[in-house]
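Secondary and tertiary structure notes
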Amino acid sequence: MFNFEYYAPTRVIFGRDAEQRTGALLRELGVSRVLIHYGRGSAVKSGLLDRVSASLDGAGIAHTSLGGVVPNPRVSKVREGAQLARQFGAELILAVGGGSVIDSSKAIGYAVAEPEHDVWEIYDRKRAPKACLPVACVLTIAAAGSEMSNSSVITNEDTGEKRGYRSDLCRPKLAIMNPELTATLPPYQTAAGCTDILMHTLERYFTQGGNMELTDQIAGGLMRTVMKNALILRDDPANYDARAEVMWASSLSHNDLTGLGANGMDFASHGLEHELGGMFDVTHGAGLSAVWPSWARYVYRDCLPRFVKFARDVMGVEPGASDEETALQGIAALEDFFRSIHMPVTLRELGVEPTEEQILAMAASFAGSAGGKKGTAKELYEADMAAIYRMAL
């Protein structure tokens, strides 16, 4: 076991009608002026935005709003939101939506706090942020875990770059979570969200040492719970209990709980997907399921004990004739699960077929953004990244 620090200060309000308390909860934070940030209209059509606004009105909190966040949220919208927040004198950014909206809100928080700098410099690793306007959220999609995490991912549409940044400055002060709000999601989006939740835990699971038994049990239980309830939601999308299990798993999968005591986090699959998202604008969870099997088959020999443990403890695979056979059966079992919830397991199934030139460009971009290498299961360099993209075709 390695030494670790754990910091997860977000206050969580969970359950039916939780969004009705938004105004009172923000008033407890001493907030009087809020920018509400949301997506492309579902929050409006469902009446959620009206309910949240009424709750703010009831608490005497002034508010303005900015919609239009898209998957793979754009830095241009962040800049627009920062300008509006400054003009309005917002004291907090309230995200009403899923991970994309929360990530955009975090970036707006960075931008408002340091108006003398361009916010993209943070994601481009040209400087570290020193402050962030407070962020809170009303969660509508169980997937990204951004509601409790210290990370955000933004896309620069001018350059095609999709970049993430981690800092405790942006952790939401408050996460309001009503599982009922996720019940209207299309099946594909629900499945992609479950995939993202699994991947946030898998990225912490495949490491080279220091693993704690308790952390492994938490991680394994979370993954088994998500897979069980993803299948329930495939067949019964309105099942509240399954929605609740998945929503809470979303938060726990990305607040660092499932990686404590290990020697870091892998996140190579996320890096591979970020390049796909930047170049092809694919759904994040689907992009992850499309690259993970190829990543796993590329690296498993270098992290064989963990792959064997995953196969046995998480996927329920009976030991094969060798550890290698057991590991490969575990990879195939997760691949079969992705197929069972209609997630792609190759790039062609994802709907993209990058050319060799595009593969080399994505690999170069990933390697450059990662400082030349990425991964704890196996350190990947530019040539490795290109090889995995080719395998994933």
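What counts and how
Residues numbered from 1 in each chain as written. Predicted model: local features only at pLDDT ≥ 70, side-chain atom pairs only at ≥ 80, totals over all residues. Heavy atoms only, no water. Helix = DSSP H or I, 4+ residues; strand = E, 2+ residues; numbered from the N terminus. Buried < 20%, exposed > 50% of the residue type's maximum accessible area, 1.4 Å probe, protein only. Contact = heavy atoms within 4.5 Å. Areas by Shrake-Rupley, 256 points an atom, 1.4 Å probe, with all protein chains shown as cover. Lys, Arg positive; Asp, Glu negative; His and termini not counted. Charge placed at Lys NZ, Arg CZ, Asp CG, Glu CD. Core = buried A, V, L, I, M, F, W, Y, C linked by side-chain atoms within 4.5 Å. 1 Å grid on protein atoms, 1.4 Å probe; cavity = no way out; pocket = protein on both sides within 12 Å on 5 of 7 lines; lining within 4 Å. Points joined across faces, edges and corners; volume = space filled by probe spheres on them. Nonpolar A, V, L, I, M, F, W, Y, C, P; charged D, E, K, R; others polar.

Concerning the overall build of the protein
In terms of regular secondary structure, the protein is built from 16 helices and 8 strands. Dimensions of the protein, computed from the C-alpha atoms along their principal axes, are close to 65 × 45 × 40 Å. Going through the 393 residues of the protein one by one, you find that 58% of them count as buried. A separation of at least 24 residues holds for 78% of the contacts in the protein among residues at least 6 apart in sequence. For the protein, the accessible surface area stands at approximately 15300 Å², while carbon and sulfur atoms represent 50% of it. Averaging the coordinates of the 38 positive side-chain charges in the protein and doing the same for the 48 negative ones gives two points 3 Å apart.

Looking at the nonpolar core
Ranked by internal contacts, the top residues of the largest apolar core, which has 76 residues, are Phe 206, Trp 292, Trp 295, Phe 307, Phe 310 and Leu 334. Once you skip the residues sitting within four places of it in the chain, Phe 206 turns out to touch Asp 266, Trp 292, Trp 295, Cys 303, Arg 306, Phe 307, Phe 310, Thr 376 and Ala 377. The next biggest cluster of nonpolar side chains, apart from the first, holds 24 residues, and it includes Ala 90, Ile 108, Ala 111 and Val 112.

Quick word on empty space enclosed by the protein
Tallied over the full model, the rule gives 2 cavities of 30 Å³ or more. Estimated volume of the largest cavity: approximately 50 Å³. Forming the walls of the largest cavity are Ala 142, Thr 182, Leu 185, Thr 190, Leu 233, Arg 243 and Val 246. The residue inventory of the lining of the largest cavity, partitioned by class, reads 4 nonpolar, 2 polar and 1 charged.

On their own, these measurements won't tell you what the molecule is for.
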